[in-house]
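Geometric and topological summary
Read off the chains here:
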Amino acid sequence: MVWSSLKILRRHTVHPSTSGAIPEAKSPIGKAPYGSWCTPEATPAHNKLTQTNSNVEKKSQTKDDTQQNQVKGTLVQVQKVRLFTSNTPQEYSSMNDITEAPTELQDLKEPKSRDNSTKRSPVKEPPPPAVETPQSPVPSSPSRHQKCRGFFRRLTLCDPFAPIDPQGRGYISWLLLVTYCYSYNAWCIALRATFPYQTPENTPIWMAVDYFCDLVYLLDVGLVKPRLMFLHEGFWVNELAETRKNYRKKLQYKFDVISLTPLDLLYFYFGTHMVILRFPRLLKLQTFWEFHQAMDRVLSSPYVVRIGKTLFYIFYLIHLNACAYYAMSDWIGLGSNEWVYNNEGNAYIRCFYFATKTATSIGKNPKPENTEEYLFMTAAWLMGVFVFALLIGQIRDIIATATRARAEYRKTVDGCTRYLRRLNMPAALQRRVTCWFNYTWSQQRCFDEAKILNSLPFNMKRDVALAVHMSTLSKVQLFRDCSDSLLRDLVLQLRPVSFLPGDVVVRRGDVGHQMYIIKAGTCYVMSQDENEVLATLREGSVFGEISLLGIEGLRRRTATVRSRGYSNLFALSRNDLDAALKHHKEAAQVLRLRADQIIRENAARQAKQRIAHIQAKKSASLASDNASIAKNRRLSSVSSNDSSSAVEGKRHRSASALSKRRLSAVSENKDVKLPSCRVSVVSRSMAKTPLPTIVLSAD
Ligand SMILES: Nc1ncnc2c1ncn2[C@@H]1O[C@@H]2COP(=O)(O)O[C@H]2[C@H]1O
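Anyway, here's the lowdown on the structure attached to this text. (Residues numbered from 1 in each chain as written. Predicted model: local features only at pLDDT ≥ 70, side-chain atom pairs only at ≥ 80, totals over all residues. Heavy atoms only, no water.)

What follows covers the overall build of the chain. A count of helical and extended segments in the chain gives 22 helices and twelve strands. For the chain, with 699 residues in total, the buried portion stands at 42%. Put simply, of all contacts in the chain between residues at least 6 apart along the chain, 75% involve residues at least 24 apart. Summing over all exposed atoms, the chain offers an accessible surface of approximately 39,200 Å²; the carbon and sulfur share of this is 59%. (Helix = DSSP H or I, 4+ residues; strand = E, 2+ residues; numbered from the N terminus. Buried < 20%, exposed > 50% of the residue type's maximum accessible area, 1.4 Å probe, protein only. Contact = heavy atoms within 4.5 Å. Areas by Shrake-Rupley, 256 points an atom, 1.4 Å probe, with all protein chains shown as cover.)

Moving on, we get to the site of the ligand. Every one of the 16 residues lining the ligand counts as a neighbour, but Gly 544, Glu 545, Ser 547, Thr 558 and Asn 602 are closest to it. Take Glu 545: an N or O atom from its side chain is 2.7 Å from an oxygen atom of the ligand. Within the side chain of Ser 547, a nitrogen or oxygen atom sits 2.6 Å from an oxygen atom of the ligand. Relative to its unbound accessible surface of 450 Å², the ligand loses 99% to contact with the protein. The dominant element in the shell around the ligand, judged by the number of residues it contributes, is helix α21 (residues 585–667), at three residues. (Near = heavy atom within 4 Å. Polar contact = N/O pair within 3.5 Å; in protein donor to acceptor, adjacent residues only side chain to side chain.)

Under the counting rule described, the total for this entry stands at 23 aromatic pairs. Aromatic side chains Tyr 325 and Trp 339 sit 5.2 Å apart centroid to centroid with 85 degrees between the ring planes, which places their arrangement in the edge-to-face category. Within this pair, whereas Tyr 325 is found in helix α11 (residues 302–332), its partner Trp 339 is found in the loop between α11 and α12 (347–360), the two being separated by 14 residues in sequence. Measuring from ring centre to ring centre gives 6.2 Å for Tyr 325 and Phe 376, while their planes differ by 45 degrees; the resulting arrangement is tilted. Placement of the pair is Tyr 325 in helix α11 and Phe 376 in helix α13 (residues 371–402), with a sequence separation of 51 residues. In this structure Tyr 325 comes out as buried when scored by relative accessible area, which is 4%. Phe 376 sits in the buried class, given a relative accessible area of 11%. (Phe/Tyr/Trp six-rings, centres within 6.5 Å; stacked < 30°, edge-to-face > 60°.)

This part takes up the pairing of strand β6 (residues 523–526). As defined by bridge partners, β6 adjoins strand β7 (residues 533–537) across four bridges and the pair is classed as antiparallel. If you follow Tyr 524 over to β7, its bridge partner there is Thr 536. Hairpin connection, β6 to β7: the antiparallel pair is bridged by six residues, and Glu 530 has positive phi, about 60 degrees. As paired elements, β6 and strand β9 (residues 560–563) share four bridges and run antiparallel to each other. Each residue of the ladder has a partner; that of Met 526, found in β9, is Thr 560. (Pairing = 2+ DSSP bridges.)

All right, on to unusual backbone geometry then. Even without a glycine there, the phi angle at Asn 343 is positive, about 65 degrees. You can see Asn 343 is positioned in the loop between α11 and α12. The backbone of Asn 424 shows a phi angle near 55 degrees, a positive value even though the residue is not glycine.

As a further point, take the sheet that holds β7. Sheet architecture is open: four strands sit in the order β4-β9-β6-β7, paired in antiparallel fashion. Edge strands, defined here as strands with exactly one partner in the open sheet, are β4 (504–506) and β7. Taking each pair of neighbouring strands and ignoring which way they run, the sheet shows an average axis angle of 30 degrees. (Axes fitted to C-alpha atoms, helices over the stretch in contact; angles between N-to-C directions.)

Across the sheet, which stays open at both edges, the four strands sit in the order β3-β10-β5-β8 with antiparallel pairing between neighbours. Strands with a single pairing partner mark the edges of an open sheet, and in this sheet they are β3 (495–499) and β8 (542–543). Relative to β8, strand β5 (residues 514–520) is paired through two bridges, and the arrangement is antiparallel. Bridged to Tyr 516 within β8 is Phe 543. Across the sheet, helix α17 (residues 458–473) is in contact with β5 and β10 (567–573); its angle to β5 comes to roughly 90 degrees.

Right, let's talk about the pattern of salt bridges for a bit. A full pass over the atoms with the stated rule returns 18 salt bridges. Put simply, Arg 281 and Asp 214 hold a salt bridge, and the shortest N to O gap is 2.9 Å. Taken as a pair, Arg 281 in the loop between α9 (267–270) and α10 (285–298) and Asp 214 in helix α6 (residues 203–224) lie far apart in primary sequence, 67 residues in all. Overlapping salt bridges, with partners in common, bring together Arg 192, Asp 210, Asp 214, Asp 264, Arg 278 and Arg 281 in one network. (Salt bridge = Lys/Arg side-chain N within 4 Å of Asp/Glu carboxyl O.)

This part is about the side chain of Arg 281. On the basis of relative accessibility, which here comes to 3%, the residue Arg 281 falls in the buried class. With residues near it in sequence (within four places) discarded, Arg 281 still touches Tyr 182, Asn 185, Ile 189, Asp 214, Tyr 217, Ser 259, Leu 260, Thr 261, Pro 262 and Asp 264.

All quantities given are derived from atomic positions and should not be read as evidence of function.
Written out as structure tokens, the structure is:
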């Protein structure tokens, strides 16, 4: 089964570079990079997992399920093929020029149907057709292993028959080299043409660097640019004849060719000091822009590149101004008047200082003395007023754009805090609100994700959302048990919400409007009296669904759920859930079964509690009965003691009367016949009296 799955995947290879070979495997829970477009590993079909953190979700699986999951797991492992490798495809020449790829996520069910055909001919199989994707190949950060391979693949730039990925690292590195060469030409041609920095001694060094740059230009125009893949109607064209034709059609090609005009041959006539003959090299400005555009796309902080480019323009203009000032001073005569450069100190630094001063300030500059000097100063000031103001304004805009999100966040927080203060809300509540804002910002860096995604086309928006939330959604049992399309249908409806420690997410008895999926954090399902934790729900757990399912008698929340610490949840509204369940009956079934299980568990628990309660009551009443019986007995024994003591007293009195009578008889010398006496000791235990009693009984 596993073997056949592997074979299926060979048919589903998505990048020409991987065709015919089993692509490398990745971790099943590949967290998609946030900054990149959706890749196949970030899609639900490729993230079928077999584990859950929730203690509520079913643990037992049938044997068939396990086998199925194993196969799916293998598929997941093998389908981790990067759509957007930054590397040059190896087998392009043998492939279709324009190849098509699905923009949608590959469903696992599709390969299953093809599985039959592969079973029929398991040994010999024609190589699978290569499929290429039309998406923007923004490279996501490669693993260490990929980085090593990337280094070697960068060498494919040297392969004259391999097409080049315009978004690949290799090409961007090449653009960096060309940009260096361009910048060298831009700065040094003007510098050497005006300042006396090129001397006969150092001319060979200057020329060596010049011709190295020319070689880079030549390679760029002759070898690299003609092999650059391009998008045609959404598909990458990689055939060399086509890519060459495409480059030659562009205006950039014309400028690139003109930039290589070998005017330096005139050195033989004018001499090597005529560096200005190299000025055509400055026409390769498009490559300079292209490099910055590529960096803008690739870097996570593009405004750094934008500011860098604007600063380059500013310094370059001052540099040109400095060169012009020196050239003019030289032409008028160094130190010949107050305005010109006086030939003291470092010429370039002095002139650069003068140019900066004139470009950024008006007044307090050396007064021009002749017409040329007046013209120069006027031009310098105008440049300062218009060009510099423009460039500095541009920098301000870039910084404002970069910090706009934070500024808006601050505005929202301040507005809300002001509102609460005006309403005289308790300080604790205000603190909670501020805390929520801080936490949400630290987690999401925005308050409304949907607003950001709304600028994208629907499918792309969905793929981005899937990629961003895949690590959580792949843990949700519901999505694993149901078809992949359920996740695709629901992913855009999920609204991220945050809760603070101890917050009530749903309260028992309330009407339910939303169900929740835990993205991060822990929630407790509380017992009726909120003294006991019935269940602990963790990442990937679903709750709050019972009251949304419309089960008779269970239309209100069956339990209170609290957030343990900070928690990030996805909320799904009743309407969205209903709409999804209408088309996914199996999902409704899964939810009902789960609800049924929870309801039964809760009922069993409640019944147990009730029985325990009744038993406790019974035993308590039994104990009180016993106590009252014992009390009664004691009381009765005490009363019997009283009566016996009365008898005793009587007997005692009669005895004493008898003895009195005998004594008086004795004293009167009368003969008295005493009755015979029987003396017995009544034990304490028998009589239940505190002291042993002597009972005298007259026979
Ligand atoms: N014993 C339990 N174990 C796990 N989750 C529960 C339990 N009882 C209730 N819940 C969840 O808590 C939610 C409260 O709101 P609902 O009744 O809509 O849906 C409920 C279930 O999702």
